[in-house]
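One letter stands for each residue in the lines below.
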Amino acid sequence: MKNSRFYCWYQLQYIYWYGCVLKEEKAMEAMEVAKYIINLYYEMNQPLSNLKLQKLLYFVQGASLAIFNKPAFEDDIEAWQYGPVVPNVYFPYSLYGPLDIKVQYDNIISDEQIEKVTRFISFYYRDVDPFTLVNETHKNGSPWSNVYHIHKKGVISTNAISSYFKEYYLKEWFEEHV
């Protein structure tokens, strides 16, 4: 486990330092990023429920905003009972319920920065239980906790996500093994 965390740290260093020279492209739709994550988990033979997919999309968006100051995708992220959700991705996969999503797509991410961030997040959180990720997103002061009110959903702003990830996650990701 320690080696895989170091590998993730090394990947993130590469993304951060060399990402600025890569070509910038317009943000894509969340479904493209979701299909890429689904493919990665299929290839890694790792379980991936819709619940976990939603949390990974939130972390990909947060990482992209924190590192590159640009969103990974255009879709809104909403605060729902079990954490951040991208409705445009949630509903098509809701038929799986709590079961793993077991499909493969011919899908690539054309933006190299977003592709690297998506790989990093998918690898970093691959062994983390979905409800651990739910608890992580529910922390006091998180963008979710500032928007969600019992049975009232709301959109989580990209500014809130960006600020939070810059303050709390970049330090964890970069300094965990230094």
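Residues numbered from 1 in each chain as written. Predicted model: local features only at pLDDT ≥ 70, side-chain atom pairs only at ≥ 80, totals over all residues. Heavy atoms only, no water.

**Overview of the overall build of the protein chain**
If you tally the helices and strands in the protein chain, you get 8 helices and 3 strands. The N-to-C order of helical and strand elements in the protein chain reads α-α-α-β-β-α-α-α-α-β-α. Considering the protein chain as a whole, with its 178 residues, one finds that 51% of them fall into the buried category. Residue pairs at least 24 apart in sequence account for 79% of intrachain contacts in the protein chain once pairs closer than 6 positions are excluded. (Helix = DSSP H or I, 4+ residues; strand = E, 2+ residues; numbered from the N terminus. Buried < 20%, exposed > 50% of the residue type's maximum accessible area, 1.4 Å probe, protein only. Contact = heavy atoms within 4.5 Å.)

**A few points about the nonpolar core**
If you look at the biggest cluster of nonpolar residues, it comprises 48 residues, and the most contacted ones within it are Leu53, Ile121, Tyr125 and Trp173. When contributions to this core are tallied by element, the ones reaching two or more residues are helix H2 (30-44), helix H3 (50-68), strand S1 (77-80), helix H4 (87-93), helix H5 (112-124) and helix H8 (158-175). Here tyrosine 125 is in contact with Tyr41, Lys52, Leu56, Phe59, Leu133, Tyr169 and Trp173, once residues within four sequence places are set aside. (Core = buried A, V, L, I, M, F, W, Y, C linked by side-chain atoms within 4.5 Å.)

**Digging into the packing of H2 against H3**
Any two packed helices are characterised by the angle at which their axes cross and by the distance between the axes. At a closest axis distance of 10 Å, the pairing of H2 and H3 adopts a crossing angle of 115 degrees. Considering only the axes of H2 and H3, their crossing is right-handed. Between H2 and H3, the residues in contact are Ala30, Val33, Ala34, Ile37, Ile38 and Tyr41 and Lys52, Leu53, Leu56, Leu57 and Val60, respectively. Considered class by class, the residues forming the contact of H2 with H3 number 10 nonpolar, no polar and 1 charged. (Axes fitted to C-alpha atoms, helices over the stretch in contact; angles between N-to-C directions. Left-handed = near helix turned anticlockwise from the far one by under 90°. Nonpolar A, V, L, I, M, F, W, Y, C, P; charged D, E, K, R; others polar.)

**Points about the pattern of salt bridges**
What the rule picks out here adds up to 5 salt bridges. Among the salt bridges present, the one from aspartate 127 reaches arginine 126, with a minimum N-O distance of 3.8 Å. Take arginine 126: its relative accessible area is 22%, and that puts it in the partly exposed class. Among the ionic pairs, lysine 139 bridges to glutamate 136, the shortest N-O distance being 3.1 Å. For lysine 139, a relative accessible area of 41% translates into the label partly exposed. (Salt bridge = Lys/Arg side-chain N within 4 Å of Asp/Glu carboxyl O.)

**Focus on the environment of valine 147**
On the secondary structure map, valine 147 appears in helix H7 (residues 143-147). Considering only alpha carbons, one finds valine 147 and alanine 79, 68 residues apart in sequence, at a separation of 6.3 Å. Excluding residues within four positions of it along the chain, valine 147 makes contact with Ala79, Lys152, Gly154, Val155 and Ile156.

**Concerning H2**
For H2, with 15 residues, the first-to-last C-alpha span of 21 Å sits near the 21 Å given by 1.5 Å per residue. Structurally, H2 contributes buried residues whose contacts are with H3, H4 and H5. Count one or two residues on from H2 and you reach asparagine 45, which has phi positive near 55 degrees. (Expected span 1.5 Å × (residues − 1).)

**What to know about the sheet that holds S1**
Strand order in the open sheet made by the 3 strands is S2-S1-S3, with antiparallel pairing throughout. Whereas interior strands pair on both sides, the edge strands pair on one side only; in this sheet they are strand S2 (83-85) and strand S3 (154-156). Each adjacent strand pair in this sheet contributes to an overall mean axis angle of 45 degrees, direction not counted. Where S1 meets S2, 3 bridges bridge the pair, whose relative direction is antiparallel. Directly across from alanine 79, in S2, lies its bridge partner proline 84. Across the sheet, H3 lies against S1 and S2, angled at about 85 degrees from S2, the strand it touches most. (Pairing = 2+ DSSP bridges.)

**Re the pairing of S1**
Across 3 bridges, S1 lies against S3 in antiparallel orientation. Bridge pairing in S3 links glutamate 78 to valine 155. Where S1 folds back onto S2 in an antiparallel hairpin, the turn is made up of 2 residues.

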